[in-house]
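Here are the chains, one letter per residue:
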Amino acid sequence: TFFSNHWNSAIGNNDRSQEVYGIEINGGVIFPGTTKAENCTAIGGGGNGYGDITINGGVVTAVATTTGTAIGGGIGFNSAGGKGKVGINGGNVYAYNHANHWGIPSSAIGGAGSRFQGGSEGIIDINGGNIYAQSALGTAIGGGSSATKAGGAATIYIKDGIIIAKSLQNNSAGIGGGSTCTFG
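These figures come from a predicted structure and were not determined experimentally.

*Asks:* Explanation requested: the overall build of the chain in the structure shown.
*Replies:* Within the chain, the regular secondary structure consists of zero helices and 16 strands. Within the chain, contacts between residues separated by at least 24 positions form 79% of all contacts whose residues are at least 6 apart in sequence. In the structure as shown, the chain presents an accessible area of about 7200 Å², 49% of it carried by carbon and sulfur atoms. Distance between charge centroids for the chain: 10 Å, based on 8 positive and 8 negative side chains.

*Asks:* When you look at the nonpolar core in this model, what are you seeing that I'm missing?
*Replies:* With 24 residues, the main nonpolar core has Ile43, Ile55, Ile71, Ile88, Ile109 and Ile131 as its most contacted residues. Elements with a minimum of two residues in this core: β2 (20-25), β4 (41-44), β5 (51-55), β6 (59-64), β8 (84-88), β9 (92-97), β11 (122-126) and β12 (130-135). Each residue touching isoleucine 55, except ones within four places of it in the same chain, is listed here: Ile25, Val60, Ile71, Gly87, Ile88, Asn89, Gly90 and Val93.

*Asks:* Can you walk me through the environment of threonine 148 in this structure?
*Replies:* Structurally, threonine 148 is set in the loop between β13 (141-142) and β14 (154-158). Here threonine 148 falls in the partly exposed class, since its relative accessible area comes to 45%. Placed 120 residues apart in sequence, threonine 148 and glycine 28 show a C-alpha to C-alpha distance of 39 Å. Setting aside chain neighbours within four positions, we find threonine 148 in contact with Arg115, Phe116, Gln117 and Thr180. At 2.6 Å, the side chain of threonine 148 and the backbone oxygen of arginine 115 are in polar contact.

*Asks:* So what exactly am I meant to see when it comes to the sheet that holds β12 here?
*Replies:* Across the sheet, which stays open at both edges, the five strands sit in the order β3-β6-β9-β12-β15 with parallel pairing between neighbours. In this open sheet, the two strands that pair with only one neighbour each are β3 (29-30) and β15 (162-167). Across six bridges, β9 lies against β12 in parallel orientation. Opposite tyrosine 96, over in β12, you have glutamine 134 as the bridge partner.

*Asks:* Explain the pairing of β8 here, please?
*Replies:* As a general feature of sheets, a regular strand has side chains that alternate between the two faces. Burial within β8 is extensive, with four of its five residues counted as buried. Bridge count for β5 against β8 is five bridges, and the pairing is parallel. Among the inter-strand pairings, aspartate 52 is bridged to a residue of β8, identified as lysine 85. With five bridges connecting them, β8 and β11 associate as parallel partners. Its bridge partner being in β11, glycine 87 is matched across the sheet by aspartate 125.

Conventions and cut-offs
Every chain begins its residue count from 1, and numbering advances along the sequence as written. Reporting of local features is limited, given that this is a predicted model, to residues whose pLDDT is at least 70; pairs of side-chain atoms are given and counted only at 80 or more, and all residues count toward the totals for whole chains, interfaces and linings. Hydrogens and waters are ignored; side-chain quantities use all the structure's heavy atoms. Where helices and strands are cited, they refer to DSSP runs of H or I of at least four residues and of E of at least two residues respectively, numbered from the N terminus. A contact between two residues is defined here by any heavy atoms of the two lying within 4.5 Å. Here, Shrake-Rupley sampling with a 1.4 Å probe gives the accessible areas, and only protein chains in the shown set may cover a residue. For the charge count, each Lys or Arg is scored as positive and each Asp or Glu as negative, with His and the chain ends excluded. Charged side chains are reduced to one point each, which is NZ for Lys, CZ for Arg, CG for Asp and CD for Glu. We call a set of buried Ala, Val, Leu, Ile, Met, Phe, Trp, Tyr and Cys residues a nonpolar core when their side-chain atoms join them within 4.5 Å. Partly exposed residues are those whose accessible area sits between 20% and 50% of the maximum for their type, while under 20% is buried and over 50% is exposed, using a 1.4 Å probe and protein chains only. Whenever a nitrogen or oxygen atom comes within 3.5 Å of another N or O atom, the pair is scored as a polar contact, on the condition that within protein one atom can donate a hydrogen and the other can accept it, and that pairs from neighbouring residues in sequence are kept only if both atoms are in side chains. Here, strands pair whenever DSSP counts at least two bridges between them.

Coordinates in, geometry out; function isn't part of it.
As structure tokens, then:
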């Protein structure tokens, strides 16, 4: 099993510093990806950390298999995951959070999930762009979910853009607050 980047983020912070503020992407082609063995956020907070990200343009594909998010808050397991604040003003954004082997639900964009604590809050402000968000176990865009406690709240502003948000679980929202999702 490969754990070289466990609980850190591909773009953001690590498990010790955790919180990250002011990540801004203005263009280019960005592809941060993390594996299920790493359990890392693709863009955002480190373990349990707050993630503040703004995307103004470019092509951003964030892929994670994590209890955290593809874009937003850092991973949660025993403790609560990090809150996520994500602003999207343009560009093409693709965020995928695949199923992690612990069965802990989390969002693709927004707040992180947890196994033993409640899901974390997601604050999302979308003013434009083309967005595709998909979560295997939690909310696609919004609050983090929990395997055992209540899901996290979501504050979502959508002013413009083309958005497709899919949760692959029947009890989780495409866009909205997190939920309690028990699997296995």
